[in-house]
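Each chain, written out:
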Amino acid sequence: MGPWPNDPLGPQARSSAEIYWIMFVAAIVVLAIVDGGLIYAGIKFRDRPGHTAKQFHGHNTLELLWTVVPTIMVISFSVLSFQKLNVMNDTSGAGLTVNVQGQQWTWVMNYPKEDRFKLTDGTYLQGAQELHIPVNTKVHIQLSSKDVIHSFWVPNIGGKKDAVPGRNTDLWIQADKPGTYKGQCFEFCGTGHADMLITLVVHTPDDYATWIKGALAEANRLNDPATKKGRETFLSLACVGCHTVQGTVAQGKVGPELTHVASKKSIAGGLLSPVNEENLTRWIHNPPAVKPGTLMPNLNLSDEQIHDIVQWLLTLK
Ligand code: CUA
(Lines give C-alpha, C1' and ligand atoms only; values in the text may rest on other atoms or scores of the structure.)
Protein backbone atom coordinates (compact mmCIF):
# COMPACT_ATOMS: atom_id res chain seq x y z
CA MET A 1 0.00 0.00 0.00
CA GLY A 2 1.23 3.46 -0.93
CA PRO A 3 0.63 6.70 0.95
CA TRP A 4 -3.06 6.60 0.01
CA PRO A 5 -5.82 5.27 2.24
CA ASN A 6 -6.96 2.78 -0.39
CA ASP A 7 -5.17 0.46 -2.79
CA PRO A 8 -7.65 -1.14 -5.18
CA LEU A 9 -6.46 -4.39 -6.76
CA GLY A 10 -9.64 -5.37 -8.61
CA PRO A 11 -12.52 -3.77 -10.55
CA GLN A 12 -14.91 -3.88 -7.59
CA ALA A 13 -12.43 -2.03 -5.36
CA ARG A 14 -11.58 0.44 -8.13
CA SER A 15 -15.26 1.28 -8.53
CA SER A 16 -15.50 2.12 -4.81
CA ALA A 17 -12.18 3.99 -4.90
CA GLU A 18 -13.49 6.28 -7.66
CA ILE A 19 -16.38 7.57 -5.57
CA TYR A 20 -14.08 7.81 -2.56
CA TRP A 21 -11.75 10.18 -4.43
CA ILE A 22 -14.57 12.24 -5.95
CA MET A 23 -16.10 12.82 -2.52
CA PHE A 24 -12.74 13.42 -0.90
CA VAL A 25 -11.75 16.13 -3.43
CA ALA A 26 -15.21 17.74 -3.21
CA ALA A 27 -14.92 17.79 0.58
CA ILE A 28 -11.49 19.47 0.39
CA VAL A 29 -12.84 22.16 -1.99
CA VAL A 30 -15.84 22.82 0.29
CA LEU A 31 -13.54 22.97 3.32
CA ALA A 32 -11.25 25.49 1.56
CA ILE A 33 -14.16 27.73 0.50
CA VAL A 34 -16.00 27.66 3.85
CA ASP A 35 -12.96 28.00 6.10
CA GLY A 36 -11.28 30.45 3.71
CA GLY A 37 -14.39 32.67 3.75
CA LEU A 38 -14.60 32.43 7.52
CA ILE A 39 -10.97 33.42 8.06
CA TYR A 40 -11.19 36.19 5.43
CA ALA A 41 -14.35 37.67 7.01
CA GLY A 42 -12.89 37.33 10.50
CA ILE A 43 -9.85 39.38 9.57
CA LYS A 44 -11.45 41.89 7.20
CA PHE A 45 -14.51 42.72 9.32
CA ARG A 46 -12.99 42.50 12.79
CA ASP A 47 -13.80 45.20 15.33
CA ARG A 48 -11.43 48.18 14.92
CA PRO A 49 -11.51 51.71 16.41
CA GLY A 50 -12.95 54.22 13.97
CA HIS A 51 -14.94 51.62 11.96
CA THR A 52 -18.70 51.19 12.32
CA ALA A 53 -20.48 48.13 10.96
CA LYS A 54 -22.85 48.66 8.04
CA GLN A 55 -26.41 47.60 8.90
CA PHE A 56 -28.24 45.65 6.19
CA HIS A 57 -30.47 42.60 5.94
CA GLY A 58 -29.76 39.53 3.80
CA HIS A 59 -27.99 39.00 0.48
CA ASN A 60 -30.16 37.16 -2.03
CA THR A 61 -27.40 36.01 -4.41
CA LEU A 62 -25.23 34.58 -1.62
CA GLU A 63 -28.12 32.81 0.09
CA LEU A 64 -29.25 31.33 -3.19
CA LEU A 65 -25.71 30.11 -3.88
CA TRP A 66 -25.19 28.39 -0.56
CA THR A 67 -28.55 26.67 -0.80
CA VAL A 68 -28.48 25.58 -4.43
CA VAL A 69 -24.85 24.46 -4.70
CA PRO A 70 -24.91 22.06 -1.70
CA THR A 71 -28.29 20.70 -2.84
CA ILE A 72 -26.89 19.88 -6.27
CA MET A 73 -23.83 18.31 -4.64
CA VAL A 74 -25.82 16.10 -2.28
CA ILE A 75 -28.12 14.95 -5.12
CA SER A 76 -25.12 14.19 -7.36
CA PHE A 77 -23.45 12.16 -4.62
CA SER A 78 -26.66 10.19 -4.04
CA VAL A 79 -27.01 9.36 -7.73
CA LEU A 80 -23.35 8.41 -7.93
CA SER A 81 -23.64 6.22 -4.79
CA PHE A 82 -26.67 4.38 -6.18
CA GLN A 83 -24.80 3.78 -9.43
CA LYS A 84 -21.85 2.33 -7.52
CA LEU A 85 -24.20 0.19 -5.41
CA ASN A 86 -25.63 -1.24 -8.62
CA VAL A 87 -22.11 -2.10 -9.75
CA MET A 88 -21.39 -3.75 -6.40
CA ASN A 89 -24.59 -5.79 -6.49
CA ASP A 90 -24.42 -6.85 -10.13
CA THR A 91 -23.39 -10.48 -9.88
CA SER A 92 -24.36 -11.31 -13.46
CA GLY A 93 -21.76 -12.99 -15.65
CA ALA A 94 -19.84 -14.50 -12.73
CA GLY A 95 -17.49 -17.35 -13.64
CA LEU A 96 -17.70 -18.96 -10.21
CA THR A 97 -20.23 -18.88 -7.38
CA VAL A 98 -19.18 -19.62 -3.82
CA ASN A 99 -21.58 -19.81 -0.92
CA VAL A 100 -19.95 -18.17 2.10
CA GLN A 101 -21.46 -18.58 5.53
CA GLY A 102 -20.37 -16.54 8.52
CA GLN A 103 -20.57 -18.12 11.94
CA GLN A 104 -19.08 -17.32 15.32
CA TRP A 105 -16.15 -17.12 14.53
CA THR A 106 -15.15 -18.33 11.16
CA TRP A 107 -16.19 -18.26 7.51
CA VAL A 108 -17.29 -21.49 5.85
CA MET A 109 -16.74 -21.56 2.10
CA ASN A 110 -19.00 -23.90 0.13
CA TYR A 111 -17.76 -24.36 -3.41
CA PRO A 112 -20.41 -24.85 -6.13
CA LYS A 113 -22.04 -28.18 -6.93
CA GLU A 114 -19.90 -28.70 -10.01
CA ASP A 115 -18.14 -31.91 -10.95
CA ARG A 116 -14.73 -30.38 -10.44
CA PHE A 117 -15.53 -29.76 -6.75
CA LYS A 118 -17.20 -33.13 -6.10
CA LEU A 119 -15.92 -35.43 -3.35
CA THR A 120 -16.05 -39.21 -3.45
CA ASP A 121 -18.84 -39.32 -0.85
CA GLY A 122 -21.07 -37.24 -3.13
CA THR A 123 -20.73 -33.97 -1.23
CA TYR A 124 -18.88 -30.92 -2.49
CA LEU A 125 -15.72 -29.18 -1.44
CA GLN A 126 -15.92 -27.02 1.64
CA GLY A 127 -13.31 -24.82 3.25
CA ALA A 128 -12.97 -22.61 6.28
CA GLN A 129 -11.50 -19.14 6.54
CA GLU A 130 -9.52 -19.50 3.28
CA LEU A 131 -11.25 -18.68 0.01
CA HIS A 132 -9.53 -19.79 -3.19
CA ILE A 133 -10.49 -18.17 -6.49
CA PRO A 134 -8.96 -17.87 -9.99
CA VAL A 135 -7.43 -14.57 -11.12
CA ASN A 136 -9.34 -12.12 -13.36
CA THR A 137 -12.58 -14.00 -12.81
CA LYS A 138 -15.76 -12.47 -11.52
CA VAL A 139 -16.70 -14.50 -8.45
CA HIS A 140 -20.22 -14.34 -7.07
CA ILE A 141 -20.30 -14.58 -3.27
CA GLN A 142 -23.60 -15.74 -1.81
CA LEU A 143 -23.51 -14.62 1.80
CA SER A 144 -25.44 -16.04 4.71
CA SER A 145 -25.01 -16.29 8.46
CA LYS A 146 -25.57 -19.10 10.90
CA ASP A 147 -26.01 -16.94 14.00
CA VAL A 148 -25.47 -13.16 14.18
CA ILE A 149 -24.64 -10.43 11.68
CA HIS A 150 -21.15 -10.64 10.22
CA SER A 151 -19.61 -8.63 7.42
CA PHE A 152 -17.44 -9.93 4.58
CA TRP A 153 -14.66 -7.59 3.52
CA VAL A 154 -11.36 -7.98 1.72
CA PRO A 155 -10.28 -4.32 1.45
CA ASN A 156 -7.97 -4.49 -1.60
CA ILE A 157 -10.58 -6.42 -3.57
CA GLY A 158 -13.52 -4.36 -2.34
CA GLY A 159 -17.23 -4.94 -2.00
CA LYS A 160 -17.99 -5.08 1.71
CA LYS A 161 -21.30 -6.79 2.52
CA ASP A 162 -23.15 -7.95 5.64
CA ALA A 163 -23.95 -11.62 6.21
CA VAL A 164 -27.38 -11.56 7.85
CA PRO A 165 -29.05 -14.53 9.58
CA GLY A 166 -32.26 -15.66 7.89
CA ARG A 167 -31.55 -14.18 4.49
CA ASN A 168 -29.04 -14.25 1.66
CA THR A 169 -27.03 -11.31 0.43
CA ASP A 170 -24.90 -11.21 -2.70
CA LEU A 171 -21.77 -9.52 -3.86
CA TRP A 172 -18.99 -10.19 -6.28
CA ILE A 173 -15.23 -9.94 -6.12
CA GLN A 174 -12.51 -10.07 -8.72
CA ALA A 175 -8.73 -9.84 -8.39
CA ASP A 176 -6.24 -8.47 -10.94
CA LYS A 177 -3.23 -10.42 -9.75
CA PRO A 178 -2.54 -13.79 -8.11
CA GLY A 179 -1.57 -13.55 -4.47
CA THR A 180 -2.88 -13.70 -0.93
CA TYR A 181 -5.17 -10.96 0.33
CA LYS A 182 -6.21 -10.36 3.91
CA GLY A 183 -9.79 -9.77 4.91
CA GLN A 184 -11.65 -9.39 8.16
CA CYS A 185 -15.17 -9.67 9.51
CA PHE A 186 -16.29 -6.05 9.70
CA GLU A 187 -19.28 -6.27 12.01
CA PHE A 188 -18.77 -6.79 15.74
CA CYS A 189 -20.11 -10.31 16.29
CA GLY A 190 -18.88 -11.36 19.73
CA THR A 191 -15.67 -12.05 21.59
CA GLY A 192 -14.03 -13.83 18.64
CA HIS A 193 -14.78 -11.04 16.17
CA ALA A 194 -11.18 -9.85 15.85
CA ASP A 195 -10.05 -13.38 14.94
CA MET A 196 -12.67 -13.82 12.25
CA LEU A 197 -10.24 -13.40 9.40
CA ILE A 198 -10.60 -14.09 5.70
CA THR A 199 -7.65 -15.22 3.63
CA LEU A 200 -8.35 -14.78 -0.06
CA VAL A 201 -5.97 -16.80 -2.20
CA VAL A 202 -5.97 -15.87 -5.89
CA HIS A 203 -4.53 -18.41 -8.33
CA THR A 204 -3.60 -18.46 -12.00
CA PRO A 205 -5.91 -20.86 -13.89
CA ASP A 206 -3.30 -23.67 -13.85
CA ASP A 207 -2.59 -23.20 -10.17
CA TYR A 208 -6.29 -23.20 -9.48
CA ALA A 209 -6.78 -26.61 -11.07
CA THR A 210 -3.82 -27.92 -9.03
CA TRP A 211 -5.23 -26.43 -5.85
CA ILE A 212 -8.65 -28.05 -6.45
CA LYS A 213 -6.99 -31.44 -6.96
CA GLY A 214 -5.03 -31.17 -3.72
CA ALA A 215 -8.00 -29.87 -1.74
CA LEU A 216 -10.21 -32.71 -3.03
CA ALA A 217 -7.59 -35.32 -2.13
CA GLU A 218 -7.26 -33.87 1.36
CA ALA A 219 -11.04 -33.68 1.86
CA ASN A 220 -11.52 -37.22 0.52
CA ARG A 221 -8.89 -38.50 2.91
CA LEU A 222 -10.64 -36.83 5.87
CA ASN A 223 -14.04 -38.08 4.68
CA ASP A 224 -12.99 -41.67 3.97
CA PRO A 225 -15.89 -43.82 5.27
CA ALA A 226 -13.40 -46.45 6.49
CA THR A 227 -11.90 -44.01 8.97
CA LYS A 228 -14.75 -41.58 9.44
CA LYS A 229 -15.91 -43.20 12.66
CA GLY A 230 -12.46 -42.96 14.17
CA ARG A 231 -12.20 -39.29 13.27
CA GLU A 232 -15.60 -38.56 14.79
CA THR A 233 -14.71 -40.48 17.95
CA PHE A 234 -11.40 -38.65 18.26
CA LEU A 235 -13.01 -35.26 17.73
CA SER A 236 -15.74 -35.98 20.27
CA LEU A 237 -13.35 -36.95 23.07
CA ALA A 238 -10.94 -35.05 25.32
CA CYS A 239 -8.19 -35.64 22.71
CA VAL A 240 -8.99 -32.30 21.05
CA GLY A 241 -8.16 -30.38 24.23
CA CYS A 242 -4.47 -31.32 23.97
CA HIS A 243 -3.75 -32.25 20.34
CA THR A 244 -3.88 -30.37 17.06
CA VAL A 245 -4.90 -31.97 13.77
CA GLN A 246 -4.85 -29.30 11.09
CA GLY A 247 -8.12 -28.98 9.20
CA THR A 248 -10.21 -30.18 12.16
CA VAL A 249 -11.53 -28.62 15.36
CA ALA A 250 -8.69 -30.31 17.28
CA GLN A 251 -6.47 -27.32 18.06
CA GLY A 252 -5.04 -28.22 21.49
CA LYS A 253 -1.49 -27.11 22.22
CA VAL A 254 -0.60 -29.22 25.28
CA GLY A 255 0.33 -32.46 23.55
CA PRO A 256 2.23 -33.11 20.32
CA GLU A 257 0.61 -32.14 17.03
CA LEU A 258 -0.89 -35.15 15.26
CA THR A 259 -1.48 -33.69 11.80
CA HIS A 260 1.13 -36.06 10.31
CA VAL A 261 1.46 -38.54 13.17
CA ALA A 262 1.57 -41.56 10.83
CA SER A 263 4.69 -40.13 9.17
CA LYS A 264 6.58 -39.79 12.45
CA LYS A 265 9.36 -42.17 13.42
CA SER A 266 8.06 -42.75 16.93
CA ILE A 267 5.44 -41.79 19.50
CA ALA A 268 5.38 -41.52 23.29
CA GLY A 269 8.48 -39.35 23.26
CA GLY A 270 10.48 -41.95 21.32
CA LEU A 271 9.51 -44.97 23.45
CA LEU A 272 7.32 -46.60 20.81
CA SER A 273 8.65 -47.07 17.30
CA PRO A 274 7.64 -47.43 14.51
CA VAL A 275 4.26 -45.68 14.35
CA ASN A 276 2.00 -48.62 13.49
CA GLU A 277 -1.31 -50.09 14.55
CA GLU A 278 0.17 -52.16 17.35
CA ASN A 279 2.12 -49.34 18.99
CA LEU A 280 -0.66 -46.76 18.63
CA THR A 281 -3.12 -49.20 20.18
CA ARG A 282 -0.79 -49.98 23.06
CA TRP A 283 -0.18 -46.29 23.72
CA ILE A 284 -3.80 -45.12 23.66
CA HIS A 285 -4.92 -48.13 25.69
CA ASN A 286 -2.90 -47.00 28.71
CA PRO A 287 -0.32 -44.24 28.26
CA PRO A 288 1.00 -44.11 31.86
CA ALA A 289 1.72 -47.85 31.68
CA VAL A 290 3.99 -47.29 28.69
CA LYS A 291 5.57 -44.07 29.90
CA PRO A 292 5.22 -43.42 33.66
CA GLY A 293 4.67 -39.73 34.37
CA THR A 294 3.26 -38.89 30.94
CA LEU A 295 0.75 -36.07 30.84
CA MET A 296 -1.54 -38.15 28.63
CA PRO A 297 -4.14 -39.82 30.83
CA ASN A 298 -5.71 -43.22 30.41
CA LEU A 299 -9.12 -42.30 29.00
CA ASN A 300 -10.42 -45.86 29.54
CA LEU A 301 -11.64 -46.12 25.98
CA SER A 302 -13.31 -49.27 24.71
CA ASP A 303 -11.36 -51.58 22.39
CA GLU A 304 -13.68 -50.54 19.57
CA GLN A 305 -13.09 -46.83 20.17
CA ILE A 306 -9.33 -47.37 20.24
CA HIS A 307 -9.47 -49.45 17.06
CA ASP A 308 -11.46 -46.76 15.22
CA ILE A 309 -9.19 -43.96 16.38
CA VAL A 310 -6.04 -45.87 15.44
CA GLN A 311 -7.40 -46.58 11.96
CA TRP A 312 -7.92 -42.86 11.51
CA LEU A 313 -4.57 -41.80 13.00
CA LEU A 314 -2.83 -44.15 10.55
CA THR A 315 -4.20 -42.04 7.67
CA LEU A 316 -2.60 -38.85 9.03
CA LYS A 317 0.53 -38.84 6.90
CU1 CUA B 1 -18.02 -12.05 12.48
CU2 CUA B 1 -17.32 -9.95 13.39
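Residues numbered from 1 in each chain as written. Predicted model: local features only at pLDDT ≥ 70, side-chain atom pairs only at ≥ 80, totals over all residues. Heavy atoms only, no water.

A. Focus on the overall build of the protein. Each helix and strand in the protein was counted, giving 8 helices and 10 strands. Computed over its C-alpha atoms, the radius of gyration of the protein comes to 30 Å, more than 25% above the 20 Å expected for a compact globule of 317 residues. Along the first, second and third principal axes, the C-alpha atoms of the protein reach 105 × 50 × 35 Å. Counting only residues that meet the buried cut, the protein has 36% of its 317 residues in that class. Restricting the contact set of the protein to residue pairs at least 6 apart, pairs at least 24 apart contribute 57%. Entry remark: accessible area of the protein is about 18800 Å², with carbon and sulfur atoms responsible for 60%. In the protein, which carries 27 positive and 27 negative side-chain charges, the distance between the mean positions of the two groups comes to 5 Å. (Helix = DSSP H or I, 4+ residues; strand = E, 2+ residues; numbered from the N terminus. Rg over C-alpha atoms; globule rule 2.2 N^0.38 Å. Buried < 20%, exposed > 50% of the residue type's maximum accessible area, 1.4 Å probe, protein only. Contact = heavy atoms within 4.5 Å. Areas by Shrake-Rupley, 256 points an atom, 1.4 Å probe, with all protein chains shown as cover. Lys, Arg positive; Asp, Glu negative; His and termini not counted. Charge placed at Lys NZ, Arg CZ, Asp CG, Glu CD.)

B. Quick peek at the nonpolar core. Of all hydrophobic cores here, the largest spans 36 residues; its most connected members are Trp-107, Tyr-111, Leu-125, Leu-131, Phe-152, Ile-173 and Leu-200. Among the secondary structure elements, those contributing two or more residues to this core are strand S1 (96-103), strand S2 (106-110), strand S4 (130-134), strand S5 (139-145), strand S8 (169-173), strand S10 (197-203) and helix H3 (205-223). Excluding anything up to four places from it in sequence, Tyr-111 contacts Val-98, Phe-117, Tyr-124, Leu-125, Gln-126, Gly-127, Glu-130, Leu-131, His-132, Tyr-208 and Trp-211. (Core = buried A, V, L, I, M, F, W, Y, C linked by side-chain atoms within 4.5 Å.)

C. Structural context of the packing of aromatic side chains. Inspection of every chain in the model, using the stated rule, returns 9 aromatic pairs. Ring plane angle 25° and centroid distance 5.3 Å describe the contact between Tyr-111 and Phe-117, whose orientation is recorded as stacked. A relative accessible area of 0% places Phe-117 in the buried class. An aromatic cluster is built from Tyr-111, Phe-117, Tyr-208 and Trp-211, whose rings are joined through pairwise contacts. Between the NZ or CZ atom of Lys-160 and the centre of the ring of Trp-153, over which it lies, the distance is 4.4 Å. (Phe/Tyr/Trp six-rings, centres within 6.5 Å; stacked < 30°, edge-to-face > 60°. Lys NZ or Arg CZ within 6 Å of the ring centre and 35° of its normal.)

D. The arrangement of the sheet that holds S4 in detail. The strand order across the open sheet formed by 3 strands is S4-S10-S9, and the pairing between neighbours is mixed. Looking at the sheet topology across the chains shown, the edges are occupied by S4 and strand S9 (179-184). The sheet shows a mean angle of 25° between the axes of neighbouring strands, direction not considered. With 6 bridges connecting them, S9 and S10 associate as antiparallel partners. Its bridge partner lying in S10, Thr-180 is registered against Val-201. (Pairing = 2+ DSSP bridges. Axes fitted to C-alpha atoms, helices over the stretch in contact; angles between N-to-C directions.)

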